[in-house]
Amino acid sequence: MTLETEVQSLRKVPMFREVDPARLKLLAFTSERVHFADGQRFFDRGDAADAAYLILDGEAAVTLDGPQGPIRLALLGANALVGEMGILADQPRSATVTAVVPTTALRIDRRVFLELLSQFPQIAIAVMRELAHRLEMTNQQLAQVRTG
């Protein structure tokens, strides 16, 4: 995969659309394209939050271990960011993320991710909106469990 192809992939991601192409080239250059087989884990709950992953193609499930087995919190697809919570909170991973089909993602190192947020407020706002949306979805799921 060429650097230009990586930049084109990043350009498709809503939160990166306004970022200067030269910056996207730098992001593509400093990030690593990784492939996960069906059932392969991106990371486990409790792991160090050393990177965020931008899903380019495929799907990944976010799960927690429950008394009867894994509880799926979310199913994320193309253009979704995962692993950012641990970086932002400076805490170990709060959930396990597993590919549910063959998945390709861009692995963005923790340092690069934090630098990106500090240099581009629009990306930081997009990440905050996504986190707020996920929190709202979790709240709705909890409310359904309590009333169901």
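All figures in this text were calculated on a predicted structure; none of them were measured in a lab. (Residues numbered from 1 in each chain as written. Predicted model: local features only at pLDDT ≥ 70, side-chain atom pairs only at ≥ 80, totals over all residues. Heavy atoms only, no water.)

Participant: Just checking my understanding: could you explain helix α5 (residues 121-147) for this structure?
Facilitator: Within an α-helix, residues lying three or four positions from one another point in the same direction, as the helix has 3.6 residues per turn. Under the 1.5 Å per step criterion, the end-to-end length of α5 is 39 Å for 27 residues, consistent within 8% with the ideal 39 Å. Restricting attention to buried positions, one finds in α5 the residues Ile123, Val127 and Arg134. Residues of α5 that are buried in the fold lie against β5 (69-76), β6 (81-82), α3 (84-89) and α4 (110-119). (Helix = DSSP H or I, 4+ residues; strand = E, 2+ residues; numbered from the N terminus. Expected span 1.5 Å × (residues − 1). Buried < 20%, exposed > 50% of the residue type's maximum accessible area, 1.4 Å probe, protein only. Contact = heavy atoms within 4.5 Å.)

Participant: Can you help me understand the UniProt feature "domain: Cyclic nucleotide-binding" (unreviewed entry) in the protein in this one?
Facilitator: Annotation from UniProt places "domain: Cyclic nucleotide-binding" (unreviewed entry) at residues 15-134. With 33% helix and 36% strand, residues 15-134 has its two end C-alpha atoms placed 16 Å apart. (UniProt positions renumbered as here; feature names shortened; annotations may be inferred.)

Participant: I tried to follow the sheet that holds strand β7 (residues 96-99) on my own but got confused; where do I start?
Facilitator: Here we have 4 strands laid out as an open sheet, ordered β2-β7-β4-β5, and antiparallel in their pairing. A single partner strand is all that each edge strand has here, and the edge strands are β2 (41-43) and β5. Along the sheet, successive strands turn relative to each other by an average axial angle of 35°, direction set aside. Sheet topology places strand β4 (residues 60-66) next to β5; 7 bridges connect them, and they run antiparallel. (Pairing = 2+ DSSP bridges. Axes fitted to C-alpha atoms, helices over the stretch in contact; angles between N-to-C directions.)

Participant: When you look at helix α1 (residues 3-11) in this model, what are you seeing that I'm missing?
Facilitator: Of the positions making up α1, those classed as buried are Glu6, Val7, Ser9 and Leu10. Angular distribution of buried residues about the axis of α1 spans 160°; they occupy a single face of the element. Where α1 is buried, its residues touch α2 (21-30), β1 (32-36), β3 (51-57) and β8 (103-109). (Arc of directions from axis to C-beta.)

Participant: Help me understand the layout of surface pockets, please; the structure alone is not making it clear to me.
Facilitator: Unfilled space is identified by rolling a water-sized probe across the atoms. Here the largest pocket is characterised by a volume of approximately 530 Å³. If you trace the largest pocket, you find 24 residues lining it, with Val62, Leu73, Met85, Arg134 and Thr138 closest to the centre. Secondary-structure elements contributing two or more residues to the lining of the largest pocket are β4, β5, α3 and α5. Counting residues per element, the lining of the largest pocket draws most heavily on α5, which supplies 8 residues. Among the residues forming the lining of the largest pocket, the class breakdown is 14 nonpolar, 6 polar and 4 charged. (1 Å grid on protein atoms, 1.4 Å probe; cavity = no way out; pocket = protein on both sides within 12 Å on 5 of 7 lines; lining within 4 Å. Points joined across faces, edges and corners; volume = space filled by probe spheres on them. Nonpolar A, V, L, I, M, F, W, Y, C, P; charged D, E, K, R; others polar.)

Participant: Explanation requested: the side chain of Arg134 in the structure shown.
Facilitator: In this structure, Arg134 sits in helix α5. Not counting the four nearest positions on each side in its chain, Arg134 is found in contact with Leu76, Leu81 and Glu84.

Participant: How do you make sense of the packing of aromatic side chains when you look at a structure like this?
Facilitator: On inspection of all chains with the given rule, the structure shows 4 aromatic pairs. Taking the centre distance of 6.0 Å and the plane angle of 70° together, the rings of Phe36 and Tyr53 count as edge-to-face. Of this pair, Phe36 sits in strand β1 while Tyr53 sits in strand β3; the two residues are 17 residues apart in sequence, bridging distant segments of the chain. Phe36 gets classed as buried once you look at its relative accessible area, which sits at 9%. Three or more aromatic residues joined by ring pairs make a cluster, and in this case those are Phe36, Phe42, Phe43 and Tyr53. Sitting over the face of the ring of Phe43, Arg93 holds its NZ or CZ atom 3.8 Å from the ring centroid. (Phe/Tyr/Trp six-rings, centres within 6.5 Å; stacked < 30°, edge-to-face > 60°. Lys NZ or Arg CZ within 6 Å of the ring centre and 35° of its normal.)

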